[in-house]
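Remarks on the overall topology
The lines below spell out each chain.
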Amino acid sequence: MAPSEKPTKTATKARRVVKLPVPAEAHTPSVALAVVPSKPEADQHGDLRRSDVDEWGRSAKSRDLARRIYGPLYRSWHRVEWDGLDKIPSHGGALLVSNHAGAIPGDAPAIMHGIEEEIGRPVYGLADEMFKRLPIAGTLWARTGGVLAHPDNAYRLLREQQQLALVFPEGTKGTGKYYRDRYQLRRFGRGGFVQIAMRAGVPIVPIAVVGAEEAMPILWKNTPLAKMLGLPYAPITANMLAFAALGPLGALLPLPAKIKIRVLDPVSFDVEPDQPRYSRSLVMDESEHIRQHIQDALLDMLRDRKSVWFG
Amino acid sequence: MGKRVLITGLGTFWGSRLAQALEADPNVDVIVGLDRNAPDVPLARTEYVRSDESYSILSRIVKAARIDTIVHTFLVMDSTQMSSRQIHEINVIGTMNLFAAASASASTVRNVVVKSSTLVYGAHPKDPVWFSEETRRAAGPVQMVERSLLEVESYVRDFAVDNPQIVVAMLRFSNVLGPDITTPLAKALDLPLVPRMFGFDPRFQFVHETDVVRAILFVLEREIQGTFNVAGDGLLPWSEVAALCGKRTIPLSPWGLGLLSAPIRRLGIELPPELIDLLRHGRGVDNRRLKQRGFAYNFTSAETVTDFVGSLRVGAMTAATGAAYQYERDVEQFFRHSPAVVNPD
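No experiment lies behind these values; they were computed from the predicted model shown.

Some remarks on the sheet that holds strand 5 (residues 164-167) of chain A
Residue and element names in this part refer to chain A. The mixed open sheet is built from seven strands, whose spatial order is 1-9-6-2-5-3-4. In this open sheet, the two edge strands, each paired with only one partner strand, are strand 1 (81-83) and strand 4 (146-148). Each strand of the sheet is rotated relative to its neighbour by a mean of 30 degrees, with strand direction disregarded. Running over the sheet, helix 14 (residues 280-304) touches strand 2 (94-98), strand 6 (204-210) and strand 9 (260-263) and is turned about 30 degrees from strand 6.

Describing the sheet that holds strand 6 (residues 167-173) of chain B
Residues and elements named next belong to chain B. The strand order across the open sheet built from seven strands is 3-2-1-4-5-6-11, with neighbouring strands paired in parallel fashion. The two strands at the open ends of the sheet, each matched to only one other strand, are strand 3 (47-50) and strand 11 (226-230). For this sheet the average axis-to-axis angle between neighbouring strands, irrespective of direction, equals 20 degrees. Bridge count for strand 6 against strand 11 is five bridges, and the pairing is parallel. Paired with Arg172 across the two strands is Asn229, which belongs to strand 11. In this fold helix 4 (residues 144-162) packs onto strand 5 (111-117) and strand 6, with an angle of close to 160 degrees to the strand it touches most, strand 6. Packed on one face of the sheet, helix 6 (residues 209-222) meets strand 1 (3-8), strand 4 (69-72), strand 5, strand 6 and strand 11 and runs near 165 degrees to strand 6.

Digging into the interface of chain B and chain A
Between chain B and chain A, the contact holds 31 residues from the first and 26 residues from the second. Between chain B and chain A, roughly 2,500 Å² of surface is buried when both sides are summed, and carbon and sulfur atoms account for 55% of that area. A per-residue breakdown of the area chain B buries against chain A is headed by B:Pro125, B:Trp130 and B:Glu240, which together make up 21% of the total. Where chain B touches chain A, the interface holds four salt bridges.

Some words on a positive patch on the surface
A contiguous patch of positive charge on the surface is contributed by A:Lys173, A:Arg187, A:Arg190, A:Arg277 and A:Arg280. As for its position among the elements, A:Arg277 is in the loop between strand 9 and helix 14.

Notes on the pattern of salt bridges
Counting across every chain of the model gives 34 salt bridges over all chains. A salt bridge links B:Arg17 to B:Asp180, with the shortest nitrogen-to-oxygen separation between them at 2.3 Å. Linking B:Arg17 in helix 1 (residues 13-23) with B:Asp180 in the loop between strand 7 (175-177) and helix 5 (184-190), this pair joins segments that are 163 residues apart in sequence. Looking at B:Arg17, the relative accessible area reads 19%, which means it is buried. For B:Asp180, a relative accessible area of 47% gives the class partly exposed. Connected through shared salt-bridge partners, A:Arg58, A:Arg63, A:Asp64, A:Arg67, A:Arg68, A:Glu116 and A:Glu117 make up one network.

Thoughts on the packing of helix 3 (residues 84-102) of chain B against helix 4 of chain B
Residue and element names in this part refer to chain B. Two numbers describe how helix 3 lies on helix 4: the axes approach to 9 Å, and their chain directions differ by 5 degrees. Relative to helix 4, helix 3 is oriented roughly parallel. For the pair helix 3 and helix 4, the contacting residues are Ser84, Ile87, His88, Asn91, Val92, Thr95, Met96, Phe99 and Ala102 in the first and Met144, Val145, Ser148, Leu149, Glu151, Val152, Tyr155, Val156 and Phe159 in the second. Of the residues assigned to the contact of helix 3 with helix 4, the class counts are 12 nonpolar, five polar and one charged.

Conventions and cut-offs
Residues numbered from 1 in each chain as written. Chains lettered and ligands numbered in written order. Predicted model: local features only at pLDDT ≥ 70, side-chain atom pairs only at ≥ 80, totals over all residues. Heavy atoms only, no water. Pairing = 2+ DSSP bridges. Helix = DSSP H or I, 4+ residues; strand = E, 2+ residues; numbered from the N terminus. Axes fitted to C-alpha atoms, helices over the stretch in contact; angles between N-to-C directions. Contact = heavy atoms within 4.5 Å. Buried area = accessible area lost by both parts, 1.4 Å probe. Salt bridge = Lys/Arg side-chain N within 4 Å of Asp/Glu carboxyl O. Patch = residues over 30% accessible without salt bridge, like charges linked within 9 Å, V, L, I, M, F, W, Y side chains within 5 Å. Areas by Shrake-Rupley, 256 points an atom, 1.4 Å probe, with all protein chains shown as cover. Lys, Arg positive; Asp, Glu negative; His and termini not counted. Charge placed at Lys NZ, Arg CZ, Asp CG, Glu CD. Buried < 20%, exposed > 50% of the residue type's maximum accessible area, 1.4 Å probe, protein only. Parallel < 35°, antiparallel > 145°, perpendicular 65-115°, else oblique. Nonpolar A, V, L, I, M, F, W, Y, C, P; charged D, E, K, R; others polar.

Structure below.
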């Protein structure tokens, strides 16, 4: 946690509205970190090391800086509000699974920032290799906690190091959907995330996020252009039009939609970990169950939402 | 009865290093070293045979010297050293002939160790952070050296399946650094400005040259079977490696490097394509399987780099003073076989 980060008025407000208070000890990062059993190997030789980049490419300092830069956006722009933050385990591995939306999805940084600030545990964001192909962006992504969503990576993070990993099973199918399809969950991949959690013997914590859809809604997409650029989609988004005066920067600045995050009850699996494979039907059942659970929570949250901007 | 060892690539760094280490082992009776080039270190009892990789010579030597252990170190990992045709001849054809000779009828061979490389995993954005010995490459091989090493490994696997009575170990070594060995990576770190790929800062893993020799001796001694990654603990970002070496970096363009490689080579900077891939994506391998068999590394990745840095600093001073050893056939024959030489024992 950034010691220099003084909570502003809005920050205290954002924290006050957390409905279920987090146990006091969970706020101390040292407590949460102390239970991580194996330190990443690269960190054991601290005296020789010149940087704090761990084996995953994450740097606590870079992550700290990213939180300081993103903090105002989190507190004042999206005014992120959590519900059920205490359901995020304060120790042990867990796979966080959330819906994914917005051309540049705002849900990932909001979830990672919130958990790191409130619970003091690092969160590794699993994503496909698109970032790793890009110069600069790929390095920044890795330094701030991005890890390739490879089964071996997930297993080592969750099983051997008992970390928190965040995954969006919809992938780009979720982020690339049109505004008219908002809050309609796409297919949850092929259930790989369930299989990973089963193999690692960790619970899945489903998370429902409302607001990211409206922060960067896709109005129009050009497929040939996307193919040419090697991107999953090349959209015109609402914020591009709204912030046209800012030029290219306007494409990056999301609309100030209120983001609400609800953590659902963790799902544990009654199977032996470390198996080479699991029953396909069991995996698909659990995957569909979790997807339905998040979909129901989203509809429930939308029913209560009075305003896109004020929640 | 002690071991009768055949080493391929005696003229290379690894072959001569291993021969020196094996000479100190009283359980090794005979050491025969093959190469086209003479060894450049003094050897007390290793027999050097100048030969190429052709089958007839290999099978005759194996038979005549009743070889029971083969250490295959003669695999080229650096594409700047020779043409792709030569690399193919040495790596693929040489391995094929060696195994053909070792599996001839009434062969006395019962233990084979092959020194492969983690190059066989490639370097790709879809790579996991740590490759285990079983992890498959994310994409097909593009670089010629990688392709030839994959072919070599398939010969090794076939040989192990066809000859279940022979103990076959294959060691995949990560990036080697050390005070004595010269690799493309060591050369890159010795440049006044260390090249890096613009916008990329991948993580590298290193293994110390002494740990390489120790690992080969370890599997030889215990007659361990199987495939093992050999690499130090921990991954270091390339920028940190350069910083540990006290060097500034110079960015290379991530696009169009193929076109730039010729002018870059003119400047005396040799960046093989497999190193360029590594500068973009890096590579980590899981070293726990060999550790589980009881092997302990002397150096982590960071310690390897630190030790290498020390030798970089004094390198300029020692290069001029150390008199290079030169193999002279007649002189060696005199020392080993002339009745005039008084053995200190």
